[in-house]
Structures are given as structure tokens and as C-alpha cells.
Amino acid sequence: MEKLPVVGGGIQPTSKNNLPLSLSAQYVGTFAYKTVKDRLPIILTKVIDTVYQHRIAATEQHGKEGGNDCIEIVSHLSKLKHELQTNKELLEIADDGNDDVRMWNQVFQQEIDDDDGNAPRFFKSAWLYVECYMYRKIVESISLSQHLKTFDPFGEQKKTALYDCLKPATTLIQYCNGSIEEKKSPDKIIAEFLQMSLWGNKCDLSISAGIKNSQKVSPLSQLHELGSKILVNKTNQIWDTLNKANLKKPVRIDFILDNAGYEFMSDLCLADCFTRLNLVDKVYFHCKAMPWFVSDVTPVDFSWTLDILGQNESVILQEFSRSVKQRLDDKVWNVSAHPFWTTPHSFSSMEKISPDLHSDLAKSSLLIFKGDLNYRKLVLDRNWEHTVSFNEAINGFQPTALCSLRTLKANVVVGLQEGLAEELGKANRNWMVLGEYAVIEFAAKSFII
């Protein structure tokens, strides 16, 4: 079998002729190409404007040096935007104060080695690598500053997204409370809230280039309507795994989080159901270690989300915030941010690249991967035939049982029934990138004998 280049390097796929989603000339017109050509420059422009506007506040807080920091960051980002738009060579990551620099520069060197000594370029290299690289370079430009090292250029957008969704989030919490108080069957509650969490993934600021994309209608009214849009639904397997796990206490569930705002609220509600139904003993939330793909949850976002809920006039939101904070204090719920999550590596390389994280995840009863980017990393971001099984596409990454809750926003999806992709394509050739369809995928824990 031909050894194919892998997004992020380091492993070989089990696929046949599946290539990484790349940006070379033959892919002009694809969603990957349009993302780098059109969407990423818009995101960069918004970041540049945000940092420039912040110079006044930075000057007030840090003096002239704070304002100069903003000017320097704008200069770095403007250069990055020019390099992106003119297909320049990518460069090594230079802010050596961050834990992930070694991992990133190893990937960079692997890209060079795989291309006969040629440096990677924006419109030549794999889409996943290029897209992740842009966000990492944004962080680099901020990390090199003197006073603004922890500044999040997406912070205000994420807070606005949360404020915009407080009403439907309140409805979600009320429904969770009512379902448990009415003693609905646990399997029904979990099935509903898995779908709530799934469709929360529609609210993604990176896919909309930072334009408001928050949940504003009742999430409950959508469930029945959206049910037919779930192309793969492995809810029963997830429930069976939870039941089996409960025979061997303690039970731990891990969320690999995606977007702040409404999606994060739907994730918290799902975790709340798991805990209050006594299905789990511990919940672990895995955030991003830095600002990432516009709206991804960082530990700081986790904290201010609870503060905003706690300060709201709604007693329901206040009580929810209090209960979450208490679980965090009691270590029933836990928050972490490993640097591996913000690299371009596919997850099947985790055991080699970050064995500490892989070993930790193996202690879990179930991993819940949220969102599009996590799905792409699970399946190596390859141009798979749509009928290839999810188990094959994840390429051996099974530290424990795992599921993926993902609305489709990129042109990669596996596990579909024969003919379904063709049928959907006839109705709309962009069906894979609009966030209208979804999957609830599952893979059982792999036991090596």
C-alpha cells in the first residue's frame, strides 16, 4: 500500500487512496480552498481590528508600552495576512515560552521532509495544518508582546454569543430540571440531551468568520424537526456503554469541548444530566489552552461563563452556576487544557506525541468529542469514501469508548449508508458544509489481546 502524507505527520493511515484535504491547484473551488482564500483573511482582519481598538484600553492599563504592544501585534498580524493571501512559505513558531512549540516545530520539519526539502505554503499544504497554523500564529503575535500575553482577541465575541443565548439556555436548564423531577426514564433524558448538545454545535463563530451565529430559538422546538437530519445515530450504543460502565464503579466521562456560548451551555446541561441521574461519578472537561478557532472554550471562558450566569437576574441561571462551581470545588467536575488539543495532529497520533494525555483518557468510561474540528482530527481529515466505517477512519484511536457529536461543516464524513451521500448531493451539492446535517458516531473501546 502506498504511504500517504498525513495531516500533522507522524502516522500512516489504514485508508486506500484517500488523500488529505489539501489546497493545491487541483482543489481550487473546494470548501478547503475557499476557507483559506476567503474566510481566514476575514477572521484575521477582525482580529487586527480588535487589537487595534484595544490599544486605548491597553494604554490606560499598561501605559505607553501597552499601546505599543497593540501596534506590534497589528504589525505581526498584517504581515501574516499578507503571507496567507500571497501563498508565502510558513515559518516556525517563535514564542518559545509556550509548551507546544516543540510539537509545532516538529510538525513543520516533518512537512519539509515530506516535500523533499520544500517549506510548506498556505495554498499547497494540508488544510488542517494551514488552518491550525493561522490560529497558532495569532497566539504567537500576542505571546511575543510585553503586557498582553493573555489577551484573547475573540473574548468579546464569545461573551456576546453567551449573552445572546441566555434565554434558550434558561429553557434548556428548566427542561433538564423538569425531566429529572418528573422522573422520566434516564435513557430518554440522555437521548434528548445528546441531541441538544449535538445541535448546539451549529453555533460556531469560526465557520461564520466571527459573525453572530448564536442560538435564539427554543432548542426544544427543534428536536423533532432536526431528527431526520441526523445521518448516523449511535445513541443506543452510547447508552449501552453507560449501562455497562455503571456495573464497574467509578464511572468517568470526558468532554472534549468545542464552542463557547450556547454549545457550551448545552454541554454543561448534558453533563448535569449525567451527574444528577447518578450515571457518572466524575466529569472531565477538556478546553483549549489558547484562543482557538474563534469560539473554542478556554479555561478562562469556562470561568467567566459561570460568573455571567451567577450574576444574571434569573434565579435559574444563578442556581445552575452555583451547582457547577460546587462540583468543581468538590472535584466531581474537573477542567484541564492540554497543549495537544491545539496542534494540527490527528488524534491517532496522540499516543506517540502526547502519551500522558492518551494514558489519562484511557481512564475514562466514555469520551465525548464535540464539533467539526474534533471530528476532522478523529478521522485524519481525509477525503474518505462516505461509506467507510467510523471505526476504520479513526485509525486505531480507541483509548476507551468514544463518541462524536458533530454538525457537518466540512467536506468529510464517514459511516453513511450506501447511496445516502449521492442522494443528499443531488438535493444540494454543499450539503456537507452548511451545518444542516449531523452525526452521533460511536466507537467501542478496543481491546488488544
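Residues numbered from 1 in each chain as written. Predicted model: local features only at pLDDT ≥ 70, side-chain atom pairs only at ≥ 80, totals over all residues. Heavy atoms only, no water.

> Honestly, the overall build of the protein chain in this entry has me stumped. Any pointers?
Counting its secondary structure elements, the protein chain contains 17 helices and seven strands. Buried residues in the protein chain amount to 59% of all 449 residues. Accessible surface for the protein chain amounts to roughly 19,000 Å². Of this, 49% is attributable to carbon and sulfur atoms. (Helix = DSSP H or I, 4+ residues; strand = E, 2+ residues; numbered from the N terminus. Buried < 20%, exposed > 50% of the residue type's maximum accessible area, 1.4 Å probe, protein only. Areas by Shrake-Rupley, 256 points an atom, 1.4 Å probe, with all protein chains shown as cover.)

> Would you take a moment to explain the packing of helix α6 (residues 166-181) against helix α12 (residues 315-329) for this structure?
Between two packed helices, both the angle of their axes relative to each other and the distance between the axes serve to describe the pair. Here α6 crosses α12 at 70 degrees, and the two axes come no closer than 10 Å. Relative to α12, α6 is oriented roughly perpendicular. Seen from above, α6 lies across α12 with left-handed handedness. Contacts from Leu166, Thr170, Ile173 and Gln174 in α6 reach Ile316, Leu317 and Phe320 in α12. Of the residues in the contact of α6 with α12, the class split is five nonpolar, two polar and no charged. (Axes fitted to C-alpha atoms, helices over the stretch in contact; angles between N-to-C directions. Parallel < 35°, antiparallel > 145°, perpendicular 65-115°, else oblique. Left-handed = near helix turned anticlockwise from the far one by under 90°. Contact = heavy atoms within 4.5 Å. Nonpolar A, V, L, I, M, F, W, Y, C, P; charged D, E, K, R; others polar.)

> Hey, could you run me through the confidence of the model for the protein chain in this one?
Considering every residue of the protein chain, the mean pLDDT works out to 90; 90% of them sit at 70 or more. Note that residues 1-17 has pLDDT below 50 and, in this model, 47 contacts with residues that lie over four places away or in other chains. (pLDDT = per-residue confidence, 0-100.)

> What should I look at first to understand the pattern of salt bridges in this one?
Pairing is possible between side chains that carry opposite charge, provided their charged atoms lie close to one another. The final tally for this structure, using the stated rule, is 23 salt bridges. Measuring nitrogen to oxygen at the nearest pair gives 3.0 Å for the salt bridge that ties Asp360 to Arg252. Taken together, the residues span a long stretch of sequence, with Asp360 in helix α14 (residues 355-361) and Arg252 in strand β2 (residues 252-256) at a distance of 108 residues. A relative accessible area of 8% places Arg252 in the buried class. Salt-bridge contacts for Arg406 lead to Asp372; the nearest nitrogen and oxygen are separated by 2.7 Å. In this pair, Arg406 is assigned in strand β6 (residues 402-407) and Asp372 in helix α15 (residues 371-378), connecting sequence segments 34 residues apart. With a relative accessible area of 6%, Asp372 lands in the buried category. Counted as one network, the salt bridges with shared partners bring together Arg39, Glu131, Arg376 and Asp381. (Salt bridge = Lys/Arg side-chain N within 4 Å of Asp/Glu carboxyl O.)

> Would you mind showing me how to read the nonpolar core here?
Across soluble globular proteins, you tend to see nonpolar side chains buried next to one another. Ranked by internal contacts, the top residues of the largest apolar core, which has 83 residues, are Val379 and Trp431. Residue contacts for Val379: discarding those within four places in its chain leaves Trp384, Phe390, Ala393, Ile394, Val412 and Val414. In this structure, Ile173, Trp239, Leu405 and Ile440 belong to the second largest nonpolar core, which totals 61 residues. (Core = buried A, V, L, I, M, F, W, Y, C linked by side-chain atoms within 4.5 Å.)

> Teacher, can you tell me more about helix α2 (residues 64-85) here?
Here α2 is 22 residues long and its end C-alpha atoms lie 32 Å apart, about the 32 Å a rise of 1.5 Å per residue gives. Those residues of α2 hidden inside the fold are in contact with α1 (31-62) and α4 (127-143). Asn87 sits one or two residues past α2 and shows a positive phi near 55 degrees. (Expected span 1.5 Å × (residues − 1).)

> What's the story with the sheet that holds strand β5 (residues 366-370) in this structure? I'm lost.
The pairing of strands in a sheet happens through backbone hydrogen bonds and is either parallel or antiparallel. If you walk across this open sheet you meet the seven strands as β1-β7-β6-β5-β2-β3-β4, and the pairing is mixed. Only two strands of the sheet have a single neighbouring strand rather than two, namely β1 (230-233) and β4 (333-336). Taking the axes of each pair of neighbouring strands and ignoring which way they run, one obtains an average angle of 15 degrees across the sheet. Pairing of strand β3 (residues 282-286) with β4, which is carried by four bridges, proceeds in the parallel orientation. Bridging across to β4, Phe285 finds its partner in Val335. (Pairing = 2+ DSSP bridges.)

> Explain α1 here, please?
In an α-helix, one turn spans 3.6 residues; hence positions three or four apart end up facing the same way. The principal kink in α1, of about 40 degrees, is found at Arg55. Just downstream of α1, Gly63 is the residue with a positive phi angle, here 80 degrees. (Bend = angle between axes of the 7 residues up to and from the residue.)

> In this structure, what is going on with the side chain of Ser321? I would like to understand it.
Structurally, the position occupied by Ser321 is in helix α12. Sequence-distant contacts of Ser321, defined by excluding residues within four places in its chain, comprise Leu306, Leu309 and Gly310.

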